[in-house]
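Inside the fold
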Amino acid sequence: AAFARASDEFIASQRYNADRAEHRVTLGAFLLARGDTAGGMEEFRTATREWPRNVPALLNLAGVLSLQGRESEGERVIRDALRRMPGEAELHHELGRSLARQGKVREALAEVEEAMRLAPGDARYARTMAALSGGRHR
């Protein structure tokens, strides 16, 4: 009962502050964790509609689509975002991961390389590159 009350209060607080993207993203993640996939997706979709440059909202939306087996839809979300924000390393990285999951390794490598070029200090990108290239890339 206490958890249910706390959850309801948390949801109400996030909805009250829903004029900011990070609250929509937080609420979406919370709803997903509770098993409310439709509610979580709606929060991510709303956040990406209202704040089309909010990278966490875009990544969460694409990630849920991927988990639902809708990888090509997730890829479209990321590609649309990259048209608006071509210099976002995290979007290139996630596009690379999406392409890899679809078996498009050559395209995936190019996207992860671009992420590494844009953010050379991010070790996650180098680890993804190593995994995609069988450990042959530094």
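Here goes a summary of the coordinates provided. Just so it is clear, the structure is predicted and the values come from calculations on it, not from any experiment. (Residues numbered from 1 in each chain as written. Predicted model: local features only at pLDDT ≥ 70, side-chain atom pairs only at ≥ 80, totals over all residues. Heavy atoms only, no water.)

1. Structural notes on the overall build of the protein chain
When helices and strands are tallied, the protein chain shows 8 helices and 0 strands. Starting at the N terminus, the α and β elements of the protein chain follow one another as α-α-α-α-α-α-α-α. Projected onto its principal axes, the C-alpha positions of the protein chain cover 55 × 30 × 30 Å. Classification of the 138 residues of the protein chain by burial places 41% in the buried group. Taking the contacts inside the protein chain whose residues are at least 6 apart along the sequence as the reference set, 38% of them involve residues at least 24 apart. Here the protein chain displays about 7,800 Å² of accessible surface, and carbon together with sulfur accounts for 52% of that area. Between the mean site of the 22 positive side-chain charges and the mean site of the 20 negative ones, the protein chain shows a separation of 4 Å. (Helix = DSSP H or I, 4+ residues; strand = E, 2+ residues; numbered from the N terminus. Buried < 20%, exposed > 50% of the residue type's maximum accessible area, 1.4 Å probe, protein only. Contact = heavy atoms within 4.5 Å. Areas by Shrake-Rupley, 256 points an atom, 1.4 Å probe, with all protein chains shown as cover. Lys, Arg positive; Asp, Glu negative; His and termini not counted. Charge placed at Lys NZ, Arg CZ, Asp CG, Glu CD.)

2. Some words on helix H5 (residues 71–84)
The terminal C-alpha atoms of H5, which comprises 14 residues, lie 20 Å apart, in line with the 20 Å expected from a rise of 1.5 Å per residue. All buried positions along H5 are accounted for by Glu71, Gly74, Glu75, Val77, Ile78, Ala81 and Leu82. Each buried residue of H5 sits inside an arc of 155° when the element is viewed along its axis, so together they form one side. (Expected span 1.5 Å × (residues − 1). Arc of directions from axis to C-beta.)

3. Remarks on helix H2 (residues 21–33)
Taking 1.5 Å of rise per residue, the 13 residues of H2 would be expected to cover 18 Å, and the 18 Å separating its terminal C-alpha atoms lies within 8% of that figure. Residues Ala21, His23, Arg24, Val25, Leu27, Gly28, Phe30 and Leu31 constitute the buried set of H2. Looking at the buried side of H2, the elements it contacts are helix H1 (2–16), helix H3 (37–50) and helix H4 (55–67). Two residues or fewer past H2, Gly35 is found with a positive phi of approximately 95°.

4. Notes on the side chain of Gln14
Residue position: Gln14 is located in helix H1. When its relative accessible area of 8% is taken as the criterion, Gln14 is described as buried. Once you skip the residues sitting within four places of it in the chain, Gln14 turns out to touch His23, Thr26 and Leu27.

5. So, the packing of H5 against helix H6 (residues 89–101)
The geometry of H5 relative to H6 is characterised by a closest axis approach of 10 Å and an angle of 155° between their N-to-C directions. As judged from the angle between their axes, H5 and H6 are roughly antiparallel. At the point where H5 passes H6, the crossing takes the left-handed sense. Taking contact as the criterion, the partners of Glu71, Glu75, Ile78, Arg79, Ala81 and Leu82 in H5 are, on H6, Leu91, His92, Glu94, Leu95, Ser98, Leu99 and Arg101. Taken together, the residues that form the contact of H5 with H6 break down as 6 nonpolar, 2 polar and 5 charged. (Axes fitted to C-alpha atoms, helices over the stretch in contact; angles between N-to-C directions. Parallel < 35°, antiparallel > 145°, perpendicular 65-115°, else oblique. Left-handed = near helix turned anticlockwise from the far one by under 90°. Nonpolar A, V, L, I, M, F, W, Y, C, P; charged D, E, K, R; others polar.)

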